[in-house]
Amino acid sequence: MFFKTDALAQASNLQVDGKLYDTDKNLINAHGAGMLFHKGIYYLFGEIKKGTTWEVPNQNWEDYRVPAGGVSCYSSTDLKHWKYQGIALSPVTGDQANDLDTGRVIERPKVIYNSKTKKFVMWVHIDKNDYGYAHAGVAISDKPAGPYSYLGSSRPNGQMARDMTLFKDDDGKAYLIYASENNMTMQICLLSDDYLSPTTKYIRILENQHREAPALFKWQKKYYLITSLCSGWDANPAKYATANNIMGKWEQKGNPCIGKDSATTFNSQSTYVLPLYKNKGAFIFMADRWNKTNLEKSDYLWLPLTVTNGKIEIKSAETSVR
Ligand code: GAL
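Because the structure is predicted, anything quoted here is derived from the model rather than measured.

A few words on the overall build of the protein. Helix and strand counts for the protein stand at 1 helix and 24 strands. Here the C-alpha radius of gyration of the protein, 18 Å, is about what a compact globule of 322 residues would show, namely 20 Å. Its C-alpha atoms put the protein at 50 × 45 × 40 Å along the principal axes. Taking all 322 residues of the protein together, the buried fraction comes to 57%. Long-range contacts, defined here as pairs at least 24 residues apart, represent 51% of the contacts in the protein between residues at least 6 apart. When the accessible area of the protein is evaluated, it comes to approximately 13,600 Å², of which 48% is carbon and sulfur surface. Between the averaged position of the 39 positive side-chain charges in the protein and that of its 33 negative side-chain charges there is a distance of 6 Å.

Right, let's talk about unusual backbone geometry for a bit. With an omega of 5 degrees, the peptide bond running from G146 to P147 counts as cis. With respect to the element layout, P147 can be found in the loop between β10 (135–141) and β11 (149–154). Residue K249 is reached from G248 by a cis peptide bond, and omega for that bond is 5 degrees. With respect to the secondary-structure elements, K249 resides in the loop between β18 (239–243) and β19 (251–252). Here the phi dihedral of Q220 falls at roughly 45 degrees; this positive angle occurs in a residue that is not glycine. Tracing the backbone through its elements, the reader meets Q220 in the loop between β16 (211–219) and β17 (222–229). A positive phi is found at K221, a non-glycine position, where the angle reads about 70 degrees. Take K221: it is sitting in the loop between β16 and β17. We classify K221 as exposed; its relative accessible area is 70%.

Bringing the side chain of K218 into the picture now. Position of K218 relative to the elements: it lies in strand β16. Assessed through its relative accessible area of 17%, K218 is described here as buried. A polar contact of 3.3 Å, which involves the side chain of K218, links it to the side chain of Y223.

Time to look at the pattern of salt bridges. Per the counting criterion, the structure on display carries 18 salt bridges. The residue R162 makes a salt bridge to D127 at a minimum N-O spacing of 3.9 Å. With R162 in the loop between β11 and β12 (164–168) and D127 in strand β9 (residues 119–127), the pair connects residues that are 35 residues apart, well separated along the chain. For the pair R162 and D127, one class covers both residues: buried. Through salt bridges with shared partners, a single ionic network connects E62, D234 and K292.

Attention now goes to the site of the ligand. Around the ligand sit W61, E107, R108, Y131, D163, E212, G232, W233 and Q269, and that is every residue in its neighbourhood. Taking D163, its side chain carries an N or O atom lying 2.5 Å from an oxygen atom of the ligand. Its free accessible area being 310 Å², the ligand has 96% of it covered by the protein chains. Split into classes, the residues belonging to the shell around the ligand amount to 3 nonpolar, 2 polar and 4 charged.

Strand order in this open sheet of 4 strands is β12-β13-β14-β15, and the pairing throughout is antiparallel. What marks the edges here is a single partner per strand, and that holds for β12 and β15 (198–205). This sheet shows a mean twist of 25 degrees between the axes of neighbouring strands, independent of strand direction.

One pass over the full model with this rule turns up 0 disulfides. Here C189 is not disulfide-linked; the sulfur of C230 is the nearest cysteine sulfur, at 20 Å. Given a relative accessible area of 1%, C189 falls into the buried group.

Now for the packing of aromatic side chains. A complete count under the given rule lists 11 aromatic pairs for this structure. Measuring from centroid to centroid gives 4.9 Å for F37 and Y42, while their planes differ by 50 degrees, and the two rings are tilted. You can call F37 partly exposed: its relative accessible area is 23%. Centre to centre, the rings of F45 and Y148 are 6.1 Å apart; their planes meet at 90 degrees, and the pair counts as edge-to-face. Here F45 is found in strand β3 (residues 41–49), whereas its partner Y148 is found in the loop between β10 and β11, with 103 residues between them in sequence. Residue F45 shares its accessibility class with Y148, and that shared class is buried.

The buried count for β16 comes to 9 of 9 residues, which makes it a mostly enclosed element. Judged from the 7 bridges that link them, β16 and β17 form a sheet pairing that is antiparallel. Bridge pairing in β17 links L216 to L225. Count of turn residues in the β16/β17 antiparallel hairpin: 2 residues, of which Q220 carries a positive phi of about 45 degrees.

About the criteria used
- Residues numbered from 1 in each chain as written.
- Predicted model: local features only at pLDDT ≥ 70, side-chain atom pairs only at ≥ 80, totals over all residues.
- Heavy atoms only, no water.
- Helix = DSSP H or I, 4+ residues; strand = E, 2+ residues; numbered from the N terminus.
- Rg over C-alpha atoms; globule rule 2.2 N^0.38 Å.
- Buried < 20%, exposed > 50% of the residue type's maximum accessible area, 1.4 Å probe, protein only.
- Contact = heavy atoms within 4.5 Å.
- Areas by Shrake-Rupley, 256 points an atom, 1.4 Å probe, with all protein chains shown as cover.
- Lys, Arg positive; Asp, Glu negative; His and termini not counted.
- Charge placed at Lys NZ, Arg CZ, Asp CG, Glu CD.
- Polar contact = N/O pair within 3.5 Å; in protein donor to acceptor, adjacent residues only side chain to side chain.
- Salt bridge = Lys/Arg side-chain N within 4 Å of Asp/Glu carboxyl O.
- Near = heavy atom within 4 Å.
- Nonpolar A, V, L, I, M, F, W, Y, C, P; charged D, E, K, R; others polar.
- Pairing = 2+ DSSP bridges.
- Axes fitted to C-alpha atoms, helices over the stretch in contact; angles between N-to-C directions.
- Disulfide = S-S within 2.5 Å.
- Phe/Tyr/Trp six-rings, centres within 6.5 Å; stacked < 30°, edge-to-face > 60°.

Have a look at this one:
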């Protein structure tokens, strides 16, 4: 997914630090977001966090929660003006047994297009209050902005799936990347040709490293995977790993962030990396700045990301060009 137009060339300087508004001047509500580029339009998908944040009792970690509002969609042609497209994946109310109930967890939605089936496919983390369900949910639509029909959820190959992302490779194969084994590993699983189910082909990577919030991209035949450490909604240092083959072997590198506050990913957590235009190696690092006691008020951080000789650099808003 690369972009070449003039409007997008400027986007290499695009930065977001704080709130994002749509063209109706409403706050954009799209957290743990991902991006789809289709026929000249960007589609931003994210978690709708709306309502009172509460702390789940009797947990051995700080588990703040907000009602799961489903998945929103916004569209743009320049990455700056975002038109609200509505709810791409609707939640249901009053049915705790339903994966999409507002009392459950619906996080980190990502969408890719299947050019063979001509369907848009969304994968999303589905969970319960205690995050013990750890399922990957899948939904499908004929149109990029949806509405998406929910097909159900599973544990790929019996493996837990929490924070996740999707990656569609140049050969059309697609992969689900998810924190697994109680967040002790990441796994990368090849999806079926229609992208609707996991295949049995998967690998375990970053073993015992306790990583989450995966964001995977490819540049000059190399794969890059940015992750965060696990510390709930609190910010921590990012790290990245690289591989010449998506199915391994992955090598863990250092922190891609540079400068002030790099130890907290500039007080944010990764969610997606958007490639900007071909042959220049310009990307946007998209992250969430969580407000754990009022999750609806969580902010966004989008920063330019560069790759030089296989090394990722993300500079803080203060040090990079506006
Ligand atoms: C984060 C994770 C978020 C959310 C949160 C719950 O670490 O990246 O997506 O699940 O934990 O505390």
